[in-house]
Protein chains: 2
Amino acid sequence: MNKLGIIAGGGDLPRAVALSARQAGREVFVVALRGSLTEDWVADFPHQSLSIGEPGRALKALKDAGAADVLLAGKVDRPKFNEIKLDAKGVMVLPRVIAAARRGDDALLRCMIEMFEQEGFRTVGVAEAAPGLICGQGPLGRFSPGAEHQADIARAFAIVRALGALDVGQAAAVCEGLALAVEAAEGTDAMIARIATLKDNLRGTPEKKRGVLVKALKPTQDAKTDMPVIGVSTVRNAAAAGLAGIALEAGKSLIVDKAAVAAEADRVGLFVFGATL
Amino acid sequence: MNKLGIIAGGGDLPRAVALSARQAGREVFVVALRGSLTEDWVADFPHQSLSIGEPGRALKALKDAGAADVLLAGKVDRPKFNEIKLDAKGVMVLPRVIAAARRGDDALLRCMIEMFEQEGFRTVGVAEAAPGLICGQGPLGRFSPGAEHQADIARAFAIVRALGALDVGQAAAVCEGLALAVEAAEGTDAMIARIATLKDNLRGTPEKKRGVLVKALKPTQDAKTDMPVIGVSTVRNAAAAGLAGIALEAGKSLIVDKAAVAAEADRVGLFVFGATL
């Protein structure tokens, strides 16, 4: 197996991918994106910390490390383009990057992937590098969605698809037909948190759970770069917001630490379900 | 002109409609929806306060008042169906209302309109009863959107249309291609307020304004019942969130108190624009 270069942003996904690849016997080199990756797990891997304005140094670091495959994972903060320090390559690609950023996150990611591929790297997705993270079919844990949740799950998937086609967000929550919340730039955690601020007749409570959270790949997205991800904190937040469960698209979404997610879902009484659409 | 019966929920719109109709020389009778309408302006009009569970009493009050035309306006809280007191007519229509509510706000409104029409009333929209509130073409106030806002306005309209087709919400904010926020059950004010909580490189500030708010009629909506509305507080909130302006669809949206909205927009340096799509 080729050595895997991981361009790592924030959140739990990059670490999960790195661990999973290493457990599979693969060598890993991490380019930690300064400002976006704030966790300290990279210390356990050969790595270099670089700013998003230094693609030249990133390409060199990956080549020097002998990484032939490259994977992008984690949340990347949009930089203030007038404030970032740029290396020579950064100056060259900046106009293209800014133009892509204006078209949305997906365009930005595609632009970065193209750059790596033009430099001779093979870009790989999480599904290939860490297949153990892929959401399977059916329930994870003890609970499954009930008949009363089917319509909400279908409606939330329809909303996420429509939003996703416009590169808006990956998540939506629906309770008995009512769209409680829809994700844009605030991210899934903030979106879930505001459900608890809605009037209590619109939503559930931790005692009497109602409504579902759905996360799904945008139709415009490459499964390689931006599959939706949930983890233990997503389950915990959904429970605190009074939701009854979480539905993901089987095969096209990721679960960081399945055992822990299943245990937490069982503990708080939520379903986590891989749906086939 | 027929006497106008106004079924009035919360917010500034019902009062603006009532005033506008009265100024045009029309008699008005208001059914104030208890729990939803909390303002005290109804005291200035012949009215009766009723709960949403009392459609029988509402129909009788309107008939007794001699109102032949009926208009629904304002925000209506979704009741807890197991807690509201029902009159006989309420008991009869409840199953239909609950079924409609599950399909979304628009279905709920259509269901209520049907009920009034079956009882022999003519339902009218704000455009007919208070044409002075309709958003015109072009800028209201001194400022107009610049060339840099055109793409954001177009993108925000596209997002609102897509969401609206699924009966999710009426509003979205976009800044340089990025969807900052999208409205669901929280309402426009809460949606605008959270823009200020996003990282400051994604959005504008009151000093350096960026991004636009768009409100538009859902494609599924009847212009009669649920045209998007803005008022002075919308302009104030948008300015506080660092937005550069507000775009509405000319002829298909409402502005409560145009003179005050124009003055506030001029004061805070925002554009309020009626777009033709």
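See the structure shown above.
These notes cover the structure that comes with them.

How each quantity is defined
- Residues numbered from 1 in each chain as written.
- Chains lettered and ligands numbered in written order.
- Predicted model: local features only at pLDDT ≥ 70, side-chain atom pairs only at ≥ 80, totals over all residues.
- Heavy atoms only, no water.
- Salt bridge = Lys/Arg side-chain N within 4 Å of Asp/Glu carboxyl O.
- Axes fitted to C-alpha atoms, helices over the stretch in contact; angles between N-to-C directions.
- Helix = DSSP H or I, 4+ residues; strand = E, 2+ residues; numbered from the N terminus.
- Parallel < 35°, antiparallel > 145°, perpendicular 65-115°, else oblique.
- Left-handed = near helix turned anticlockwise from the far one by under 90°.
- Contact = heavy atoms within 4.5 Å.
- Nonpolar A, V, L, I, M, F, W, Y, C, P; charged D, E, K, R; others polar.
- Buried < 20%, exposed > 50% of the residue type's maximum accessible area, 1.4 Å probe, protein only.
- Arc of directions from axis to C-beta.
- Least-squares fit on C-alpha atoms with pLDDT ≥ 70 in both.
- Buried area = accessible area lost by both parts, 1.4 Å probe.
- Polar contact = N/O pair within 3.5 Å; in protein donor to acceptor, adjacent residues only side chain to side chain.
- Pairing = 2+ DSSP bridges.
- Core = buried A, V, L, I, M, F, W, Y, C linked by side-chain atoms within 4.5 Å.

### Side note on the pattern of salt bridges
Part 1 of the argument: With the rule as written, the count across this model stands at 26 salt bridges over all chains.
Part 2 of the argument: One salt bridge in this structure joins R122(B) and E128(B), with 2.5 Å as the shortest N-O distance.
Part 3 of the argument: Salt bridges sharing partners connect three or more residues here, namely R26(A), D69(A), R122(A) and E128(A).

### Section: the packing of helix α8 (residues 232-240) of chain B against helix α9 (residues 258-268) of chain B
Residues and elements named next belong to chain B.
Part 1 of the argument: Relative to each other, α8 and α9 sit at 15°, their axes nearing to 8 Å. Classified by the interaxial angle, the pair formed by α8 and α9 is roughly parallel. At the point where α8 passes α9, the crossing takes the right-handed sense. Contact residues: α8 offers V232, V235, R236 and A239, while α9 offers A260, V261, E264, A265 and V268.
Part 2 of the argument: Considered class by class, the residues forming the contact of α8 with α9 number 7 nonpolar, no polar and 2 charged.

### Let's talk about helix α7 (residues 188-195) of chain A
Part 1 of the argument: Listed in full, the buried residues belonging to α7(A) are T188(A), M191(A), I192(A), R194(A) and I195(A). Buried residues of α7(A), viewed axially, fall in a sector of 165°; they line one side.
Part 2 of the argument: In this structure, the buried side of α7(A) is in contact with β7 (171-175), β8 (178-182), β9 (212-215) and α8 (232-240) of chain A together with β8 (178-182) and α7 (188-195) of chain B.

### Remarks on the relation of the copies chain B and chain A
Part 1 of the argument: Take chain B, turn it by 180°, move it 0.0 Å along the axis, and it overlays chain A with an RMSD of 0.0 Å. Read as a symmetry element, the transformation amounts to a two-fold axis.

### Thoughts on the side chain of E54(A)
Part 1 of the argument: Among the structural elements, E54(A) can be located in the loop between β3 (47-50) and α2 (55-65).
Part 2 of the argument: Apart from residues no more than four positions distant in its own chain, E54(A) is found in contact with R34(A), K85(A) and D87(A).

### A few points about the interface of chain B and chain A
Part 1 of the argument: Listed by partner, the interface residues are 31 residues for chain B and 31 residues for chain A.
Part 2 of the argument: It is R78(B), L166(B) and A185(B) in chain B that bury the most area against chain A; as a group they hold 20% of the surface buried on that side.
Part 3 of the argument: Across the chain B-chain A interface, the total number found is 0 salt bridges.
Part 4 of the argument: In this structure, the connection of chain B to chain A is made through 8 residue pairs in polar contact (both at pLDDT 80 or more).
Part 5 of the argument: Put simply, the parts of the chain that give the side of chain B that touches chain A at least two residues each are α3 (88-103), α6 (147-165) and β8 of chain B.

### Brief notes about the pairing of strand β1 (residues 3-8) of chain A
Residues and elements named next belong to chain A.
Part 1 of the argument: Most of β1 sits out of view: 5 of its 6 residues are buried.
Part 2 of the argument: Both β1 and strand β4 (residues 67-73) contribute to a ladder of 6 bridges, which runs parallel. Paired with A8 across the bridge in β4 is A73.
Part 3 of the argument: Two strands pair when backbone bridges link them, and β1 and strand β2 (residues 28-33) are joined in this way by 5 bridges, in the parallel orientation. Across the sheet, the residue bridging to I7 is V31, located in β2.

### Let's talk about the nonpolar core
Part 1 of the argument: Ranked by size, the top nonpolar core spans 38 residues in total, and within it I159(A), V182(A), I159(B) and V182(B) carry the most contacts.
Part 2 of the argument: Excluding anything up to four places from it in sequence, V182(A) contacts I159(A), L163(A), A171(A), A172(A), M191(A), R194(A), L163(B), V168(B), V182(B), A184(B) and R194(B).
Part 3 of the argument: Of all hydrophobic cores here, the second largest spans 30 residues; its members include I195(A), L198(A), A239(A) and V272(A).

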